[in-house]
Amino acid sequence: MAQVVDTSDFYTGMKIRWQEGIWEVIDFQHHKMGRGGATVRTKMKNLDSGSIIENSFRSGERFERIIFDEKPAQFSYMSGDDYIFMDLSTYDELPITREVLGTVADYLVENMEVQIESFEGRIMGIEIPKSVEMKVIDTPPGFKGDTVSSSGKPAKLETGITITVPLFINVDDTIIVDTRTGQYIERAKK
């Protein structure tokens, strides 16, 4: 399904058809020149090749907006390089490669419910929750008197990614991580 939009409709995460490909808008800024027309500077990711480019468009330039079909699924397990999801309506297993998932694969924990995004029968990626609870598996020890401050320490999480956490976080703590930025939010309530 698609609709026509112009540069004033851009938002982060919007998918458009441009140069015979499907692109995701990563970042954009409107710029107004003195006497000239306004332009929109964008940073976009090609969803087929994964390449990221920066480009400027004239304000008001029109594009075909791509709307993905979504279906609910649950992450089950990994098999080699594939991530195996269970379609929650048909209970079929759907393997998806790391290349298709991109950085969201760093936040996949067992039994997480996601939305699989497809376009014209092809899986384009998944949408995950905005935050996820993850277990800390390795971090330097905290010391008595450590409190929340601007400093932090690295912590390796159950999926293998490393993020910065406050000094009072210890191994085996469960924390909440923002999946959009990869930043620590808070310690999970027990």
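Quick caveat, the model's predicted, so the values are computed rather than measured.

Cut-offs used in this document
Throughout, residues of each chain are indexed from 1 in the direction in which the sequence is written. This being a predicted model, a pLDDT of at least 70 is required before a residue's local features are given, and a value of 80 or more before pairs of side-chain atoms are given or counted; all residues contribute to the totals for chains, interfaces and linings. Water and hydrogen atoms were dropped before computing side-chain values, which therefore reflect all heavy atoms in the structure. A run of DSSP states H or I qualifies as a helix once it reaches four residues; a run of E qualifies as a strand once it reaches two. Both are numbered from the N-terminal end. The Shrake-Rupley method, run with a 1.4 Å probe, gives the accessible areas here. Residue values count only the displayed protein chains as cover. His is not counted, nor are the chain ends, whereas Lys and Arg count as positive and Asp and Glu as negative. Here the site of a charge means NZ on Lys, CZ on Arg, CG on Asp, or CD on Glu. Two strands are counted as paired when DSSP detects at least two bridges linking them. To form a nonpolar core, buried Ala, Val, Leu, Ile, Met, Phe, Trp, Tyr and Cys residues must be joined to one another through side-chain atoms within 4.5 Å. The rule is simple: take the accessible area with a 1.4 Å probe, protein chains only, and divide by the maximum for that residue type; under 20% is buried, over 50% is exposed, in between is partly exposed. The criterion used for residue contact is that any of the two residues' heavy atoms lie within 4.5 Å. Whenever a helix is involved, its axis is fitted only over the stretch in contact; in every case the axis is a line through C-alpha atoms, and angles between N-to-C directions fall within 0 to 180 degrees. In summary, the pairing rule links any two rings of Phe, Tyr or Trp, Trp by its six-membered ring, whose centres are within 6.5 Å, and it sorts them by plane angle into stacked for under 30 degrees, edge-to-face for over 60 and tilted for everything else. Salt bridges are defined by distance alone: a side-chain nitrogen of Lys or Arg within 4 Å of a carboxyl oxygen of Asp or Glu.

## What about the overall build of the protein?
Along the protein, the regular secondary structure elements total 1 helix and 16 strands. Overall, the protein is about 60 × 50 × 25 Å in size when its C-alpha atoms are taken along their principal axes. Counting only carbon and sulfur atoms, one obtains 47% of the accessible surface of the protein, whose full area is about 11,400 Å². Separation between the mean location of the 22 positive side-chain charges and that of the 31 negative ones in the protein comes to 8 Å.

## With respect to the pairing of strand S11 (residues 122–127)
The sheet contact formed by strand S10 (residues 113–119) and S11 spans 5 bridges and is antiparallel. If you follow glutamine 115 over to S11, its bridge partner there is glutamate 127. Hairpin connection from S10 to S11: 2 residues lie between these consecutive antiparallel strands, with glutamate 120 at a positive phi of about 55°.

## Regarding the nonpolar core
One finds Phe85, Leu101, Leu108, Val114, Ile126 and Ile175 to be the most contacted residues of the largest nonpolar core, which totals 29 residues. When residues of this core are assigned to their parent elements, the largest contribution, 3 residues, is made by strand S12 (residues 131–138). Filtering out sequence-adjacent residues up to four positions away, valine 114 remains in contact with Lys71, Pro72, Ala73, Phe85, Leu108, Ile126, Glu127 and Ile128.

## Details of the sheet that holds S11
Across the sheet, which stays open at both edges, the 5 strands sit in the order S9-S8-S7-S10-S11 with antiparallel pairing between neighbours. Two strands lie at the open edges of the sheet, namely strand S9 (93–97) and S11, each paired on one side alone. Across the sheet, the mean angle separating the axes of adjacent strands is 45° when strand polarity is ignored. For strand S7 (residues 69–79) and S10, the ladder comprises 6 bridges, and the chain directions are antiparallel. Across the sheet, aspartate 69 pairs through a bridge with serine 118, a residue of S10.

## Overview of the sheet that holds strand S13 (residues 153–157)
Strand order in the open sheet formed by 5 strands is S14-S13-S12-S15-S16, and the pairing between neighbours is antiparallel. Looking at the sheet topology across the chains shown, the edges are occupied by strand S14 (162–165) and strand S16 (183–187). With direction set aside, neighbouring strand axes in the sheet form an average angle of 55°. Of the pairings in the sheet, the one linking S12 to strand S15 (residues 174–178) comprises 5 bridges and is antiparallel in character. Pairing of serine 131 across the sheet is with aspartate 178, part of S15.

## A few points about the packing of aromatic side chains
Applying the stated criterion across every chain yields a total of 9 aromatic pairs. Between phenylalanine 10 and phenylalanine 57 the ring centres are 6.4 Å apart and the planes differ by 90°, which places this aromatic pair in the edge-to-face class. In this pair, phenylalanine 10 is assigned in the loop between strand S1 (2–6) and strand S2 (15–18) and phenylalanine 57 in strand S5 (residues 52–58), connecting sequence segments 47 residues apart. As far as burial versus exposure is concerned, phenylalanine 10 and phenylalanine 57 are alike and both buried. For the ring pair phenylalanine 57 and phenylalanine 63, a centre distance of 4.8 Å and an interplane angle of 75° mean the geometry is edge-to-face. Among the aromatic residues, ring-to-ring pairing joins Phe10, Trp18, Trp23, Phe28, Phe57 and Phe63 into one connected group.

## Things to note about the pattern of salt bridges
Counted according to the given criterion, the structure contains 9 salt bridges. Residues lysine 135 and aspartate 172 are paired through a salt bridge, measuring 3.9 Å at the closest nitrogen-oxygen approach. Here lysine 135 is found in strand S12, whereas its partner aspartate 172 is found in the loop between S14 and S15, with 37 residues between them in sequence. For aspartate 172, a relative accessible area of 52% puts it in the exposed group. The partner of arginine 187 in a salt bridge is aspartate 173, and the shortest N-O contact between them spans 3.5 Å.

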